[in-house]
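Structure assessment
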Protein chains: 2
Amino acid sequence: MYNVNQTHDPDRQSWVESANADDTDFPIQNLPFCVIEQGSDRSIGVGIGDQVLNIKLAAGVGMLSDDLVEAVVQPSMNAIMGMTLKQREKLRREIGDLLDKNTKANRAELEAALVPMALAKYRVPCTIRDYSDFYASVYHATNVGSMFRPDNPLLPNWKHIPIGYHGRASSIVVSGHEVRRPAGQKAPTNDGMIPNVSPSKLLDYELEVGFYVGRGNQLGKTISIENAEDHLFGMTLVNDWSARDLQKWEYQPLGPFLGKSFATTVSPWVVTMEALAPFRCAEFERPEGDPVPLDYLASSENSRNGGVDLNLEVHISTMQMRELGMATEKLSGTSFRNMYWTIAQMLTHHASNGCNLQTGDLMASGTVSGPERSERGCLLELTWNGDANNPLPGTQRSLLTMPTGEERKFLGDEDEVSLFGYCVNEKYRRIGFGECTGIIKPAAE
Amino acid sequence: MYNVNQTHDPDRQSWVESANADDTDFPIQNLPFCVIEQGSDRSIGVGIGDQVLNIKLAAGVGMLSDDLVEAVVQPSMNAIMGMTLKQREKLRREIGDLLDKNTKANRAELEAALVPMALAKYRVPCTIRDYSDFYASVYHATNVGSMFRPDNPLLPNWKHIPIGYHGRASSIVVSGHEVRRPAGQKAPTNDGMIPNVSPSKLLDYELEVGFYVGRGNQLGKTISIENAEDHLFGMTLVNDWSARDLQKWEYQPLGPFLGKSFATTVSPWVVTMEALAPFRCAEFERPEGDPVPLDYLASSENSRNGGVDLNLEVHISTMQMRELGMATEKLSGTSFRNMYWTIAQMLTHHASNGCNLQTGDLMASGTVSGPERSERGCLLELTWNGDANNPLPGTQRSLLTMPTGEERKFLGDEDEVSLFGYCVNEKYRRIGFGECTGIIKPAAE
């Protein structure tokens with residue numbers, strides 16, 4: 001679908017020097033999009049090294065082709081997302097040429113359109129009309145299932161359907177936004193069997209990968225697995241914060257609701273499918289005995305580049321750690337290649353009943369966990385719900401210990417959680433996703 | 001909250017003669033809003049008798065106060081929905097004065113702004129950012145639960161929480177829009193335990209009442225039960241089409257997804273909370289032994305006017321019936337006063353975790369069923385899933401028989417389902433909701 005081409009040439013360099021560093025997330029081979037706010041003005045930006053290029057300003061001085069300008073000067077990314085693949089490629093090529101070391105454009109004008117990332121104020125990158133969340137990691141689903149349904153961790157549908165549910169779009173916030181600890185009903189523990197209403201005690205993060213819909217489909221029409229990736233614009237990091245105690249009491253029979261809808265954090269950067277081409281990999285190898293994907297979810301195309309070899313990490317920092325100037329603590333790390341269902345399968349399934357996907361819709365993968373304990377994408381799994389009979393390796397405890405000695409079963413107030421994502425291999429430049437961060441604020445009075 | 005005032009005076013008449021008929025849904029005491037399309041132009045309209053008053057045109061010739069104009073000339077209803085209660089009341093008063101028999105406005109100009117309802121082309125009335133669906137009828141929840149969990153029809157949370165879930169906003173269509181029968185996975189019935197992928201055989205309607213959010217709340221803030229109705233704009237009819245076979249296989253553990261997201265039909269008319277004031281009633285009387293609502297869902301205010309005495313009906317017409325010129329067949333009828341949870345409780349619960357509700361958000365009640373078999377709001381309940389051991393009264397069959405002799409367990413292709421809603425009492429004029437209709441089209445090839 002997306003071919004590796006000259007825009008991925010690892011030797012290509014930018015006149016923005018920081019983009020040429022080996023460890024940058026944002027070399028000229030990446031060119032992810034974001035939306036930045038300056039005063040009351042919103043512009044689409046492109047990440048390059050430690051800078052953001054305001055492409056509205058660049059377009060304003062005639063640096064992009066006329067047919068690209070209208071989409072580029074919008075205050076949100078939807079018009080770019082809705083472009084044809086050809087237009088998208090053209091935009092990527094032109095932006096790459098502007099930022100190339102040997103650019104023919106006016107450097108002074110380009111420099112005037114740069115904003116240092118450290119000073120940029122990001123916004124949610126597009127109007128997200130609908131947000132859907134999947135449950136596509138077999139490790140995550142099995143772990144969570146084992147805790148709550150030990151006899152039957154994976155339900156009979158799981159290996160046939162990319163299980164998903166509708167999420168709340170209004171409470172999606174961009175990285176850096178505070179997350180207020182929610183209050184709500186919890187299962188009764190008292191004699192009178194009356195639920196307790198109080199702030200969540202079991203507040204968790206979920207390490208997820210999101211993907212934005214490019215061009216949508218009409219209501220009543222489906223999207224074949226072969227064409228699925230034509231409808232994808234790019235990928236992002238998602239923290240699907242979860243109040244486990246609220247969720248546990250409310251979720252039967254219609255699924256998670258208030259345990260999720262208080263906040264979902266997305267990273268500012270949308271890494272395009274084009275940029276990710278060198279890091280596509282075979283889809284997950286299903287264990288012997290697992291059902292093969294049903295026809296509508298299977299394709300030979302898909303088996304070549306269904307996966308994405310995207311490394312993921314979760315870090316935490318408590319207030320005490322920050323006061324002591326300590327670095328963040330890595331909680332886990334895994335790869336998105338461990339997902340049982342591909343993003344194409346999730347998208348095709350979503351539209352298989354004729355549901356219309358719209359440009360800018362966000363889908364998320366569900367918690368990404370790998371096979372090892374160190375690869376688990378949420379605290380519920382890492383601490384096994386604090387179960388002392390399931391201690392962390394090398395310890396007799398299931399609670400996580402911070403460098404300060406503080407312990408965590410779930411998140412405390414002022415804890416800051418940061419997700420990171422990056423693709424690396426020997427042949428191409430690192431393609432990073434930046435950071436997706438949020439800090440827990442105490443429940444409202 | 002909403003007081004009965006001079007705008008409800010039953011003796012008030014309109015110069016639009018059809019609005020003075022006893023049986024009209026749209027007397028001058030109602031004044032529901034809609035959005036109509038004329039060419040490529042969308043305008044907000046007000047229903048009066050058998051006519052729609054284009055209030056953009058009326059505003060254009062200076063018939064409304066200056067401070068109302070900006071909201072009124074928009075192509076969708078969101079700006080009106082986001083008005084303060086005071087502004088809303090002012091707009092209602094001014095529109096009422098324009099349509100009053102003794103109006104001081106220019107009749108010729110007003111008449112030029114009328115469109116016959118029979119010719120109007122309606123659109124979804126506002127931009128619906130998020131759609132949430134509840135499950136608030138104890139009769140419906142008990143019936144459905146009895147079929148699938150005979151030992152445990154109502155789960156332990158049900159009487160404490162207004163159970164709800166996030167729905168799909170993109171596939172909401174307005175009354176009259178065709179509904180394509182969805183295809184999808186169904187539970188395996190074969191030896192190999194492989195799900196069958198094919199068009200839904202168990203396609204159902206759900207009779208629901210929707211309510212639109214007026215002014216929203218900030219993320220992280222809650223809405224008290226006392227203030228809940230200040231955040232409601234008005235009510236509407238909703239048909240939450242359901243593919244029971246798809247839903248049954250997919251819904252564990254995260255809830256309904258593709259069994260619902262292929263289409264949801266809303267009626268064109270939004271009946272304001274102001275218009276409904278004379279039909280507010282006490283909330284549902286909970287049976288002895290049921291838990292009282294938790295503090296955050298309980299208020300004395302609420303107990304006075306928490307309910308709405310809104311009569312609801314479902315009608316069906318098959319293609320054969322239409323070809324023979326037969327009238328529609330009434331399938332069931334009930335009242336919204338039978339709901340266990342009030343709309344205020346649903347809204348307050350929804351925001352109780354700090355989830356931000358936004359102007360134009362749609363919430364629906366879930367299927368409205370009453371205590372009698374004739375009051376069941378979906379085919380699943382009416383035919384008891386076609387269970388021959390549970391025949392319809394006076395018959396030995398559980399299938400519904402049409403006047404043509406055709407039988408229905410679930411919906412057939414070309415079946416047209418229409419929902420109706422109306423408030424009546426001895427003292428005030430009938431306040432109608434119009435019709436919410438949809439016709440089933442065969443699955444895509």
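Note that the structure is a prediction, hence the values are computed from the model and not measured. (Residues numbered from 1 in each chain as written. Chains lettered and ligands numbered in written order. Predicted model: local features only at pLDDT ≥ 70, side-chain atom pairs only at ≥ 80, totals over all residues. Heavy atoms only, no water.)

What follows concerns the relation of the copies chain B and chain A. Mapping chain B onto chain A is achieved by rotating through 180 degrees and translating by 0.0 Å along the same axis, at an RMSD of 0.0 Å. Here the transformation between the copies is reduced to the relation of a two-fold axis. When C-alpha distances to the rotation axis are compared across chain B, the minimum falls at Gly255(B), with a value of 2.1 Å. Of the residues that chain B buries at the interface, 100% are likewise interface residues in chain A, meaning the two copies contact each other through the same surface. (Least-squares fit on C-alpha atoms with pLDDT ≥ 70 in both. Contact = heavy atoms within 4.5 Å.)

So, on to the state of the cysteines. All chains considered together, the criterion is met by 0 disulfides over all chains. Between Cys436(A), a cysteine without a disulfide, and Cys126(A), which holds the nearest cysteine sulfur, the sulfur-to-sulfur distance is 14 Å. Of all cysteine sulfurs, the one in Cys423(B) lies closest to Cys281(B), which takes part in no disulfide; the gap is 9.2 Å. Looking at Cys281(B), the relative accessible area reads 8%, which means it is buried. (Disulfide = S-S within 2.5 Å. Buried < 20%, exposed > 50% of the residue type's maximum accessible area, 1.4 Å probe, protein only.)

Residue and element names in this part refer to chain B. Spatially, 5 strands are ordered S4-S3-S2-S1-S5 in an open sheet, and the strand pairing comes out antiparallel. With one partner strand each, in any of the chains shown, strand S4 (114-116) and strand S5 (122-123) form the two edges of the open sheet. Across 4 bridges, strand S2 (residues 41-48) lies against strand S3 (residues 51-54) in antiparallel orientation. From the neighbouring strand, Gly47 faces S3, where its bridge partner is Val52. (Pairing = 2+ DSSP bridges. Helix = DSSP H or I, 4+ residues; strand = E, 2+ residues; numbered from the N terminus.)

Each partner contributes to the interface: chain B provides 59 residues, whereas chain A provides 59 residues. Between chain B and chain A, the buried area comes to about 5400 Å², and carbon and sulfur atoms account for 62% of it. Per-residue buried area on chain B facing chain A is highest for His166(B), Leu254(B) and Phe257(B); these three make up 15% of the total on that side. Inspection of the chain B/chain A interface yields 4 salt bridges. The residue Arg168(B) makes a salt bridge to Asp361(A) at a minimum N-O spacing of 2.6 Å. Inspection of the region where chain B meets chain A yields 27 residue pairs in polar contact (both at pLDDT 80 or more). Those elements that provide at least two residues to the side of chain B that touches chain A are strand S6 (131-134), strand S7 (164-166), strand S10 (183-186), helix H7 (244-250) and helix H10 (343-350) of chain B. The class makeup of the residues in the side of chain B that touches chain A is 31 nonpolar, 21 polar and 7 charged. (Buried area = accessible area lost by both parts, 1.4 Å probe. Salt bridge = Lys/Arg side-chain N within 4 Å of Asp/Glu carboxyl O. Polar contact = N/O pair within 3.5 Å; in protein donor to acceptor, adjacent residues only side chain to side chain. Nonpolar A, V, L, I, M, F, W, Y, C, P; charged D, E, K, R; others polar.)

What follows concerns the sheet that holds strand S9 (residues 178-180) of chain A. Residue and element names in this part refer to chain A. Across the sheet, 5 strands lie side by side as S9-S26-S25-S20-S21; this open sheet has mixed pairing. On the outer flanks of this sheet lie S9 and strand S21 (329-335), each paired with one strand and no other. Along the sheet, successive strands turn relative to each other by an average axial angle of 20 degrees, direction set aside. Strand direction decides the pairing type here: strand S20 (residues 311-317) and strand S25 (residues 416-423), joined by 7 bridges, are antiparallel. The residue bridging Ser317 from the neighbouring strand is Glu416, located in S25. (Axes fitted to C-alpha atoms, helices over the stretch in contact; angles between N-to-C directions.)

Before going further, it helps to spend a moment on the pattern of salt bridges. Residue and element names in this part refer to chain A. For the coordinates displayed, the defined rule picks out 54 salt bridges over all chains. Among the salt bridges present, the one from Arg12 reaches Asp100, with a minimum N-O distance of 2.7 Å. Placement of Arg12 in the segment before strand S1 (33-38) and of Asp100 in the loop between helix H4 (85-99) and helix H5 (107-112) is noted, with a sequence separation of 88 residues between them. Taking the relative accessible area as the measure of exposure, Arg12 reaches 15% and is therefore buried. A salt bridge links Arg88 to Glu274, with the nearest nitrogen and oxygen atoms 3.3 Å apart. On the criterion of sequence distance, the pair formed by Arg88 in helix H4 and Glu274 in the loop between strand S17 (271-272) and strand S18 (280-281) is long-range, its members being 186 residues apart. Comparing Arg88 with Glu274 shows no difference in burial state: the two are buried.

Attention now moves to the packing of aromatic side chains. The description of an aromatic ring pair uses the distance of the two centres, along with the angle that the planes make with each other. By the definition in use, this model includes 16 aromatic pairs over all chains. Note on Phe33(B) and Phe233(B): the rings are 6.0 Å apart at their centroids and 40 degrees apart in plane angle, and the pair reads as tilted. Residue Phe33(B) is found in strand S1 (residues 33-38), and its partner Phe233(B) is found in strand S14 (residues 232-239); the two are separated by 200 residues along the sequence. The exposure class of Phe233(B) is buried, given its relative accessible area of 1%. Every member of this aromatic cluster is reached through a ring pair, and the members are Tyr139(A), Trp158(A), Phe284(A), Tyr340(A) and Trp341(A). Directly above the ring of Trp341(A) sits Arg286(A), whose terminal nitrogen or CZ lies 4.6 Å from the centroid. (Phe/Tyr/Trp six-rings, centres within 6.5 Å; stacked < 30°, edge-to-face > 60°. Lys NZ or Arg CZ within 6 Å of the ring centre and 35° of its normal.)

On to the pairing of strand S25 (residues 416-423) of chain B. Residues and elements named next belong to chain B. Where burial is concerned, most of S25 is hidden: 6 out of the 8 residues are buried. Of the pairings in the sheet, the one linking S25 to strand S26 (residues 431-441) comprises 7 bridges and is antiparallel in character. Of the residues in S26, the one forming a bridge with Cys423 is Ile431.

Helix length check: H4(A), at 15 residues, gives a terminal C-alpha distance of 21 Å against a target of 21 Å (1.5 Å per residue), a fit within 8%. By the burial criterion, the buried members of H4(A) are Arg88(A), Leu91(A), Arg92(A), Glu94(A), Ile95(A), Gly96(A), Leu98(A) and Leu99(A). (Expected span 1.5 Å × (residues − 1).)

It is worth spelling out the side chain of Arg286(B) at this point. All names here are of chain B. With respect to the element layout, Arg286 can be found in the loop between strand S18 (280-281) and helix H8 (300-305). Buried within the structure, Arg286 lacks any salt-bridge partner; its nearest side chain of opposite charge belongs to Glu283, at an N-O separation of 5.2 Å. Engagement of the side chain of Arg286 in a polar contact is seen with the backbone oxygen of Lys159, the distance being 3.4 Å. There is a polar contact of 3.5 Å between the side chain of Arg286 and the side chain of Tyr340. If we skip the residues at most four places from it in the chain, Arg286 touches Lys159, Pro291, Val292, Pro293, Tyr340 and Trp341. (Lys, Arg positive; Asp, Glu negative; His and termini not counted.)

The next thing to look at is the confidence of the model for chain A. Per-residue pLDDT for chain A has a mean of 95; in total, 98% of the residues score no lower than 70. Predicted complex metrics record ipTM = 0.97 and pTM = 0.97. (pLDDT = per-residue confidence, 0-100.)

Right, let's get into the domain arrangement of chain A. Reports often express the size of an interface as the amount of accessible area lost when the parts come together. Residue and element names in this part refer to chain A. Once the domains are mapped, chain A shows domain 1 (6-123) and domain 2 (131-441). For domain 1 and domain 2, the distance between their C-alpha centres works out to 29 Å. Residue-level contacts link 33 residues of domain 1 with 30 residues of domain 2. Carbon and sulfur atoms make up 61% of the surface buried where domain 1 meets domain 2, a total of about 2500 Å² over both sides. In terms of surface lost to domain 2, no three residues of domain 1 exceed His8, Met81 and Arg88, which account for 26% of the buried area on that side. Remark: the boundary between domain 1 and domain 2 carries 2 salt bridges. Between domain 1 and domain 2 we count 11 residue pairs in polar contact (both at pLDDT 80 or more) in total. Breaking the side of domain 1 that touches domain 2 down by element, the ones donating at least two residues are S1, strand S2 (41-48), helix H3 (78-81), H4 and strand S5 (122-123). (Domains from an automatic or database assignment.)

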